[in-house]
Each structure stands twice: as structure tokens, then as C-alpha cells.
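# Structural description and commentary
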Amino acid sequence: MARPLLRGDRLQAAREAKGLTREDLATRLELSSPVRIRVWETGLERPRPRFIPRLAVALGVEPLYLLDADPDDPPLAALRLAAGRATNEMAAPGVSVMTYVRLEDGRPGAAPSTTVLTAVAGLLGVDVARVEAAVHRSRCNHASSASFSG
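I will try to describe carefully the structure that is included in this document. Keep in mind it's a predicted model, so treat the numbers as computed, not measured.

For Glu104, the position within the fold is in helix H6 (residues 97–105). Under the relative-accessibility criterion, Glu104 is labelled buried at 3%. At a separation of 2.5 Å, a polar atom in the side chain of Glu104 contacts the side chain of Tyr100. With near-sequence residues (within four places) excluded, Glu104 lies in contact with Arg3, Leu76, Ala77, Arg80, Thr87 and Ser138.

Glancing now at the environment of Ala78. Structurally, the position occupied by Ala78 is in helix H5 (residues 76–82). Residue class for Ala78 comes out buried when judged on its relative accessible area of 0%. With 75 residues separating them along the chain, Ala78 and Arg3 place their C-alpha atoms 7.6 Å apart. Contact partners of Ala78, with chain neighbours within four places excluded, come to Pro4, Leu64, Leu67 and Ala69.

Here we come to the pattern of salt bridges. In the structure shown here, the tally under the stated rule is 8 salt bridges. Glu41 is paired through a salt bridge with Arg15; the nearest N and O atoms lie 2.6 Å apart. Residue Glu41 is located in helix H3 (residues 35–42), and its partner Arg15 is located in helix H1 (residues 8–17); the two are separated by 26 residues in the primary sequence. Across the pair, Arg15 and Glu41 agree in class, each one buried. Taking the shortest distance from any N to any O, the salt bridge between Arg80 and Glu104 comes out at 2.7 Å. Of this pair, Arg80 sits in helix H5 while Glu104 sits in helix H6, placing them 24 residues apart in sequence. A residue is classified by how much of its surface remains accessible, and Arg80, at 4% relative accessible area, is buried. Among the charged side chains, a network of salt bridges with common partners joins Arg15, Glu16, Arg22 and Glu41.

Packed helix pairs are characterised by how far apart their axes lie and by the angle those axes make with each other. For the pair H1 and H3, interaxial distance at closest approach is 6 Å and the crossing angle is 130 degrees. Regarding the angle of H1 to H3, the classification is oblique. Contacts between H1 and H3 involve Gly8, Asp9, Leu11, Gln12 and Arg15 on the former and, on the latter, Ile37, Trp40 and Glu41. Partitioned by chemical class, the residues of the contact of H1 with H3 number 3 nonpolar, 2 polar and 3 charged.

Take H3 next. For H3, the complete set of buried residues consists of Ile37, Val39, Trp40 and Glu41. Positive backbone phi, approximately 80 degrees, marks Gly43, located one or two places after H3.

A full pass over the atoms with the stated rule returns 1 aromatic pair. Ring geometry for Trp40 and Phe51: centres 5.3 Å apart, planes at 50 degrees, overall tilted. Residue Trp40 is found in helix H3, and its partner Phe51 is found in helix H4 (residues 51–59); the two are separated by 11 residues along the sequence. Looking at Arg10, its charged tip hangs above the ring of Tyr65, at a distance of 5.3 Å from the centre.

The rules we used
- Residue positions are given per chain, counting from 1 as you read along its sequence in written order.
- In view of the model being predicted, local features appear only for residues whose pLDDT reaches at least 70, and side-chain atom pairs are presented and counted only at 80 or more, with totals across whole chains, interfaces and linings using the full set of residues.
- Water and hydrogen atoms were dropped before computing side-chain values, which therefore reflect all heavy atoms in the structure.
- The helix count covers DSSP runs of H or I at least four residues long, the strand count covers runs of E at least two residues long, and both are numbered beginning at the N terminus.
- The buried label goes to any residue with under 20% of its type's maximum accessible area, the exposed label to any with over 50%, and the partly exposed label to all in between, with areas taken from a 1.4 Å probe on protein chains only.
- We define a polar contact as two N or O atoms separated by no more than 3.5 Å, with the added condition that, inside protein, one atom must be a possible hydrogen donor and the other a possible acceptor, whereas residues neighbouring each other in sequence contribute only through side-chain atom pairs.
- Contacts: residue pairs with any heavy atoms within 4.5 Å of one another.
- Salt bridge, as applied in this entry: a Lys or Arg side-chain nitrogen positioned within 4 Å of an Asp or Glu carboxyl oxygen.
- Note on geometry: axes are C-alpha line fits, over the in-contact stretch for helices, and angles between N-to-C directions span 0 to 180 degrees.
- Oblique is the label for any angle not under 35 degrees, not over 145, and not in the 65 to 115 range, which are roughly parallel, roughly antiparallel and roughly perpendicular in turn.
- Three categories are distinguished: nonpolar for Ala, Val, Leu, Ile, Met, Phe, Trp, Tyr, Cys and Pro, charged for Asp, Glu, Lys and Arg, and polar for the others, with Gly belonging to the last.
- Only Phe, Tyr and Trp rings take part, Trp by its six-membered ring, and two of them pair if their centres are within 6.5 Å. Stacked means planes under 30 degrees apart, edge-to-face means over 60, and tilted covers everything else.
- Lysine and arginine charges are scored as sitting over a ring when NZ or CZ, respectively, is within 6 Å of the ring centre and within 35 degrees of the ring normal.

Okay, structure coming up:
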């Protein structure tokens, strides 16, 4: 399943709209070099998830704006990235990392329990309804990609 990517064009546009140079943004993010910003903007590298919300705050935009996902109907992976979390940081009481990965991948199965949805919502800092919708979007994306590979 393809993961949402940082949109380098949006990163650059937001940086320029804010009147920041790459050096300015690198300094705000406490990076050692503005080269990191350039490689993110050109798509040569992806930032670690922890940088997505930090970039958004520095640029005055919503984290989902920086990602290649519909901000009104994002898959679960986009919500995770917007929250600045890596997959291995998605364990909580009642939710293992593997349980979370199955949800993010959109694998078919029983609907997740309220306990799981609530735990994931807490980790992501969003409401349960947003997680339910994201799980649904992830499952639709999985079903659609499965139909192309078969």
C-alpha cells in the first residue's frame, strides 16, 4: 500500500509564502543544513514523520496540507504522519503495532473495536469519528489497489 508522501511543491510554496529561505526554515527546525529542506522540496528524500507537524507549525499550515492526501478524507497513514508518528510509535493499551499496521494497510476484516479506535484517536490527537473514516478510506484504497494487482 502506498504511503502518503510529503508534497515538495507545497512545502516550497508554503515556505516562500511565509517569506522564509531554506536556511531560515532549517534554523527553525534545528537542522544542521538547509540542504535537508532542498532534498525534501525536490522529493529526493522524505522527512521523518516527526518533522511533518514541525514543518506545518513553522510554515503556518495544517500538516495534512503538506501531504499527498485528501485533507478532508485522509487515509490512516496520513493522519499518523500529520501527527508526527512513526508506525512503531503506534502501540497503546489495547492496540499492538501490528494491529495498527493492519488498520493502516486497510486489510479487510472485522471492524475495529471502540477500544482500538479510541486508543488510535488518542495517539493521533483526533476524534474517534476521524479515525473511523480514515480506516474506511484505508480499506477502500486497499481494495482498489488489490483489484489492480490481481
